[in-house]
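Survey of secondary and tertiary structure
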Amino acid sequence: MPALKHWLYMKEVLIVAEWTALKNIDPHCFACGQGNAHGLHMRFFSDGERVRSRLIIPGHLRGWHTLVHGGVLATILDEAMSWAAIHLTGRFILTQEMTVRFKKPVRIEEEVRVESCVAERISPRKALLKAEIRNSSGDICAESSGVFALFTAEAFTRMNLVPENMLDAMNQSMWRSA
Ligand SMILES: CCCCCCCCCCCC(=O)SCCNC(=O)CCNC(=O)[C@H](O)C(C)(C)COP(=O)(O)OP(=O)(O)OC[C@H]1O[C@@H](n2cnc3c(N)ncnc32)[C@H](O)[C@@H]1OP(=O)(O)O
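Residues numbered from 1 in each chain as written. Predicted model: local features only at pLDDT ≥ 70, side-chain atom pairs only at ≥ 80, totals over all residues. Heavy atoms only, no water.

1. Observations concerning the overall build of the chain
When you go through the chain residue by residue, the secondary structure sums to 4 helices and 7 strands. The buried share of the chain, taken over its 178 residues, is 36%. Summed over its atoms, the accessible surface of the chain is roughly 10400 Å², and 53% of this surface lies on carbon and sulfur atoms. (Helix = DSSP H or I, 4+ residues; strand = E, 2+ residues; numbered from the N terminus. Buried < 20%, exposed > 50% of the residue type's maximum accessible area, 1.4 Å probe, protein only. Areas by Shrake-Rupley, 256 points an atom, 1.4 Å probe, with all protein chains shown as cover.)

2. Topic: the pairing of strand β6 (residues 126-134)
Consecutive residues of a regular strand have side chains that alternate between opposite faces of the sheet. Judged by which residues are buried, β6 turns out to be one-sided: Ala127, Leu129, Ala131 and Ile133 face inward and are buried, whereas Lys126, Leu128, Lys130, Glu132 and Arg134, on the alternate face, are not. Pairing of strand β5 (residues 111-123) with β6, which is carried by 8 bridges, proceeds in the antiparallel orientation. Along β6, the bridge assignment pairs Ser123 with Lys126. From the end of β5 to the start of β6, which pair antiparallel, there are 2 residues. By the bridge criterion, 9 bridges tie β6 to strand β7 (residues 140-151) in an arrangement that is antiparallel. (Pairing = 2+ DSSP bridges.)

3. A look at the sheet that holds β6
Read from one edge to the other, the open sheet built from 7 strands follows the order β1-β2-β3-β5-β6-β7-β4, with strand pairing classed as antiparallel. In this open sheet, the two edge strands, each paired with only one partner strand, are β1 (20-21) and β4 (92-102). Pairing analysis gives 2 bridges linking strand β2 (residues 45-46) to strand β3 (residues 50-56), with the strands arranged antiparallel. By the bridge assignment for β3, Ser46 is matched with Val51. Where helix α2 (residues 70-89) meets the sheet, it contacts β2, β3, β4, β5, β6 and β7, and its direction lies at approximately 140 degrees from that of β4. (Contact = heavy atoms within 4.5 Å. Axes fitted to C-alpha atoms, helices over the stretch in contact; angles between N-to-C directions.)

4. A word on the packing of aromatic side chains
In the structure shown here, the tally under the stated rule is 3 aromatic pairs. Each member of the aromatic cluster is reached from another via a ring pair, and the members are Phe92, Phe151 and Phe156. (Phe/Tyr/Trp six-rings, centres within 6.5 Å; stacked < 30°, edge-to-face > 60°.)

5. Section: the state of the cysteines
Counted according to the given criterion, the structure contains 0 disulfides. Cys32 provides the cysteine sulfur closest to Cys29, a residue in no disulfide bond, and the two sulfurs are 3.6 Å apart. Note on Cys29: relative accessible area 22%, which makes it partly exposed. (Disulfide = S-S within 2.5 Å.)

6. Comments concerning unusual backbone geometry
Positive phi, close to 55 degrees, is recorded for His41, a residue that is not glycine. Considering the arrangement of structural elements, one finds His41 in the loop between β1 and β2. In the Ramachandran plot, Asn160 falls in the positive-phi region, its phi being about 55 degrees despite a non-glycine side chain. Within the element layout of this structure, Asn160 appears in the loop between α3 (153-158) and α4 (164-173).

Below is the structure:
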(Lines give C-alpha, C1' and ligand atoms only; values in the text may rest on other atoms or scores of the structure.)
Protein backbone atom coordinates (compact mmCIF):
# COMPACT_ATOMS: atom_id res chain seq x y z
CA MET A 1 0.00 0.00 0.00
CA PRO A 2 1.50 3.40 -0.94
CA ALA A 3 2.53 5.52 2.08
CA LEU A 4 -0.17 8.21 1.72
CA LYS A 5 -2.94 5.66 1.22
CA HIS A 6 -1.64 3.67 4.18
CA TRP A 7 -1.57 6.82 6.37
CA LEU A 8 -5.18 7.72 5.38
CA TYR A 9 -6.26 4.14 6.09
CA MET A 10 -4.59 4.19 9.53
CA LYS A 11 -6.14 7.60 10.29
CA GLU A 12 -9.58 6.23 9.40
CA VAL A 13 -9.05 3.18 11.64
CA LEU A 14 -7.96 5.42 14.52
CA ILE A 15 -10.95 7.75 14.10
CA VAL A 16 -13.39 4.83 13.92
CA ALA A 17 -11.86 3.31 17.07
CA GLU A 18 -12.13 6.51 19.14
CA TRP A 19 -14.16 6.17 22.36
CA THR A 20 -16.01 9.25 23.55
CA ALA A 21 -17.32 9.85 27.08
CA LEU A 22 -21.12 10.13 27.21
CA LYS A 23 -22.88 12.75 29.27
CA ASN A 24 -24.93 11.77 32.30
CA ILE A 25 -28.04 13.61 33.44
CA ASP A 26 -29.43 12.12 36.62
CA PRO A 27 -26.90 12.14 39.50
CA HIS A 28 -29.26 10.00 41.62
CA CYS A 29 -29.50 6.97 39.31
CA PHE A 30 -28.45 3.83 41.21
CA ALA A 31 -26.35 2.62 38.27
CA CYS A 32 -24.91 5.75 36.62
CA GLY A 33 -25.57 8.56 39.11
CA GLN A 34 -22.29 10.03 40.27
CA GLY A 35 -23.97 11.47 43.37
CA ASN A 36 -25.67 8.30 44.62
CA ALA A 37 -23.63 7.21 47.66
CA HIS A 38 -24.94 3.64 47.43
CA GLY A 39 -24.73 3.29 43.64
CA LEU A 40 -22.37 1.87 41.02
CA HIS A 41 -21.16 5.23 39.60
CA MET A 42 -20.99 3.84 36.06
CA ARG A 43 -19.57 6.11 33.34
CA PHE A 44 -20.14 5.28 29.70
CA PHE A 45 -18.13 5.64 26.51
CA SER A 46 -19.15 5.02 22.91
CA ASP A 47 -17.36 4.50 19.62
CA GLY A 48 -20.58 5.05 17.68
CA GLU A 49 -21.32 1.33 17.40
CA ARG A 50 -20.91 0.10 20.96
CA VAL A 51 -21.16 1.47 24.46
CA ARG A 52 -18.91 0.41 27.31
CA SER A 53 -18.07 1.02 30.94
CA ARG A 54 -15.54 -0.20 33.50
CA LEU A 55 -16.29 -0.43 37.16
CA ILE A 56 -15.32 -2.02 40.44
CA ILE A 57 -18.34 -3.46 42.21
CA PRO A 58 -18.22 -2.40 45.86
CA GLY A 59 -18.33 -4.89 48.73
CA HIS A 60 -21.78 -3.89 49.99
CA LEU A 61 -23.31 -5.35 46.77
CA ARG A 62 -22.15 -8.91 47.44
CA GLY A 63 -24.40 -11.94 47.42
CA TRP A 64 -22.49 -14.07 49.84
CA HIS A 65 -18.80 -14.09 50.73
CA THR A 66 -16.96 -12.42 47.80
CA LEU A 67 -19.54 -13.07 45.07
CA VAL A 68 -21.33 -10.18 43.38
CA HIS A 69 -25.10 -10.47 43.66
CA GLY A 70 -26.72 -11.65 40.39
CA GLY A 71 -29.31 -8.88 40.58
CA VAL A 72 -26.50 -6.34 40.60
CA LEU A 73 -25.00 -7.92 37.46
CA ALA A 74 -28.45 -7.76 35.82
CA THR A 75 -28.64 -4.05 36.72
CA ILE A 76 -25.23 -3.43 35.13
CA LEU A 77 -26.32 -5.24 31.95
CA ASP A 78 -29.66 -3.39 31.88
CA GLU A 79 -27.91 -0.05 32.31
CA ALA A 80 -25.36 -0.80 29.58
CA MET A 81 -28.10 -1.89 27.15
CA SER A 82 -30.15 1.19 28.08
CA TRP A 83 -27.29 3.58 27.34
CA ALA A 84 -26.59 1.80 24.04
CA ALA A 85 -30.29 1.97 23.15
CA ILE A 86 -30.43 5.70 23.92
CA HIS A 87 -27.16 6.75 22.33
CA LEU A 88 -27.19 4.48 19.32
CA THR A 89 -30.86 4.86 18.32
CA GLY A 90 -31.34 8.50 19.40
CA ARG A 91 -34.56 7.64 21.27
CA PHE A 92 -35.82 7.66 24.86
CA ILE A 93 -36.23 4.11 26.14
CA LEU A 94 -37.85 1.68 28.54
CA THR A 95 -36.56 -1.82 29.15
CA GLN A 96 -39.45 -4.05 28.10
CA GLU A 97 -37.90 -7.45 28.72
CA MET A 98 -34.44 -8.90 29.28
CA THR A 99 -32.77 -12.24 29.80
CA VAL A 100 -29.48 -12.82 31.59
CA ARG A 101 -27.10 -15.76 31.47
CA PHE A 102 -24.70 -15.97 34.41
CA LYS A 103 -21.65 -17.85 33.14
CA LYS A 104 -18.97 -17.33 35.77
CA PRO A 105 -18.96 -15.85 39.27
CA VAL A 106 -17.90 -12.21 39.54
CA ARG A 107 -15.98 -11.09 42.63
CA ILE A 108 -16.53 -7.88 44.53
CA GLU A 109 -13.74 -5.29 44.41
CA GLU A 110 -12.56 -6.69 41.04
CA GLU A 111 -12.66 -4.50 37.92
CA VAL A 112 -15.17 -5.61 35.31
CA ARG A 113 -15.93 -4.32 31.84
CA VAL A 114 -19.39 -4.20 30.30
CA GLU A 115 -20.01 -3.67 26.61
CA SER A 116 -23.32 -3.36 24.76
CA CYS A 117 -24.67 -2.82 21.26
CA VAL A 118 -27.85 -2.75 19.22
CA ALA A 119 -28.27 -6.26 17.82
CA GLU A 120 -31.38 -5.52 15.76
CA ARG A 121 -33.73 -2.65 15.09
CA ILE A 122 -36.91 -4.73 15.28
CA SER A 123 -39.25 -1.87 14.32
CA PRO A 124 -39.38 1.94 14.63
CA ARG A 125 -40.60 1.42 18.25
CA LYS A 126 -38.45 -1.53 19.28
CA ALA A 127 -34.80 -2.64 19.36
CA LEU A 128 -33.00 -5.76 20.49
CA LEU A 129 -29.90 -5.01 22.58
CA LYS A 130 -27.08 -7.23 23.77
CA ALA A 131 -24.49 -6.80 26.52
CA GLU A 132 -21.73 -8.76 28.19
CA ILE A 133 -19.69 -8.42 31.37
CA ARG A 134 -16.05 -9.54 31.38
CA ASN A 135 -13.79 -9.97 34.38
CA SER A 136 -10.21 -8.70 34.59
CA SER A 137 -8.96 -11.85 32.81
CA GLY A 138 -11.25 -11.13 29.87
CA ASP A 139 -13.65 -14.02 30.54
CA ILE A 140 -17.33 -13.44 29.80
CA CYS A 141 -19.06 -13.77 33.18
CA ALA A 142 -22.59 -12.67 32.29
CA GLU A 143 -24.42 -11.81 29.10
CA SER A 144 -27.84 -10.44 28.30
CA SER A 145 -30.25 -9.59 25.57
CA GLY A 146 -33.20 -7.28 25.92
CA VAL A 147 -36.08 -5.76 24.03
CA PHE A 148 -36.26 -1.98 24.45
CA ALA A 149 -39.27 0.20 23.72
CA LEU A 150 -38.12 3.33 21.85
CA PHE A 151 -39.90 6.65 22.33
CA THR A 152 -39.78 10.05 20.75
CA ALA A 153 -39.51 12.95 23.22
CA GLU A 154 -43.18 13.75 22.51
CA ALA A 155 -44.30 10.19 23.35
CA PHE A 156 -42.18 10.18 26.52
CA THR A 157 -43.79 13.47 27.63
CA ARG A 158 -47.28 12.23 26.78
CA MET A 159 -46.71 9.15 28.94
CA ASN A 160 -45.43 11.29 31.84
CA LEU A 161 -42.24 9.23 32.14
CA VAL A 162 -39.93 12.07 33.22
CA PRO A 163 -40.59 15.62 34.44
CA GLU A 164 -40.49 18.18 31.66
CA ASN A 165 -37.37 20.02 32.92
CA MET A 166 -35.44 16.74 33.02
CA LEU A 167 -36.68 15.77 29.59
CA ASP A 168 -35.33 19.06 28.24
CA ALA A 169 -31.93 18.42 29.83
CA MET A 170 -31.87 14.86 28.47
CA ASN A 171 -32.98 15.99 25.05
CA GLN A 172 -30.23 18.58 24.88
CA SER A 173 -27.36 16.38 25.98
CA MET A 174 -28.02 12.65 25.99
CA TRP A 175 -26.89 12.12 22.41
CA ARG A 176 -23.81 14.30 22.82
CA SER A 177 -20.44 13.71 24.40
CA ALA A 178 -19.57 14.84 27.91
C1 LIG B 1 -28.25 10.74 29.08
C2 LIG B 1 -29.07 10.03 30.03
C3 LIG B 1 -28.85 8.59 30.03
C4 LIG B 1 -29.74 7.97 31.04
C5 LIG B 1 -29.65 6.50 30.99
C6 LIG B 1 -30.69 5.97 31.87
C7 LIG B 1 -30.71 4.51 31.82
C8 LIG B 1 -31.89 4.04 32.58
C9 LIG B 1 -31.93 2.56 32.58
C10 LIG B 1 -33.15 2.07 33.19
C11 LIG B 1 -33.98 1.32 32.23
C12 LIG B 1 -35.09 0.72 32.94
O13 LIG B 1 -34.93 -0.04 33.83
S14 LIG B 1 -36.66 1.22 32.51
C15 LIG B 1 -37.63 0.72 33.86
C16 LIG B 1 -38.13 -0.70 33.70
N17 LIG B 1 -39.07 -0.80 32.61
C18 LIG B 1 -40.29 -0.29 32.67
O19 LIG B 1 -40.72 0.35 33.65
C20 LIG B 1 -41.20 -0.53 31.50
C21 LIG B 1 -42.59 -0.84 31.92
N22 LIG B 1 -43.38 -1.27 30.75
C23 LIG B 1 -44.17 -0.42 30.08
O24 LIG B 1 -44.34 0.75 30.46
C25 LIG B 1 -44.90 -0.99 28.91
O26 LIG B 1 -44.73 -2.40 28.89
C27 LIG B 1 -44.44 -0.43 27.54
C28 LIG B 1 -44.83 1.06 27.43
C29 LIG B 1 -42.95 -0.58 27.32
C30 LIG B 1 -45.16 -1.18 26.45
O31 LIG B 1 -46.53 -1.17 26.77
P32 LIG B 1 -47.54 -2.30 26.30
O33 LIG B 1 -48.77 -2.14 27.12
O34 LIG B 1 -46.87 -3.61 26.25
O35 LIG B 1 -47.73 -1.94 24.82
P36 LIG B 1 -48.88 -1.15 24.15
O37 LIG B 1 -50.24 -1.67 24.58
O38 LIG B 1 -48.53 -1.22 22.72
O39 LIG B 1 -48.67 0.35 24.70
C40 LIG B 1 -49.30 0.90 25.81
C41 LIG B 1 -49.32 2.39 25.61
O42 LIG B 1 -47.99 2.89 25.46
C43 LIG B 1 -47.82 3.47 24.17
N44 LIG B 1 -46.54 3.05 23.67
C45 LIG B 1 -45.96 1.86 23.82
N46 LIG B 1 -44.74 1.84 23.24
C47 LIG B 1 -44.58 3.05 22.69
C48 LIG B 1 -43.55 3.65 21.94
N49 LIG B 1 -42.44 2.99 21.66
N50 LIG B 1 -43.70 4.93 21.54
C51 LIG B 1 -44.83 5.61 21.83
N52 LIG B 1 -45.83 5.10 22.54
C53 LIG B 1 -45.73 3.84 22.96
C54 LIG B 1 -48.93 2.89 23.31
O55 LIG B 1 -49.29 3.80 22.25
C56 LIG B 1 -50.06 2.79 24.31
O57 LIG B 1 -50.64 4.04 24.51
P58 LIG B 1 -52.24 4.22 24.69
O59 LIG B 1 -52.84 3.59 23.49
O60 LIG B 1 -52.55 3.50 25.98
O61 LIG B 1 -52.42 5.71 24.75
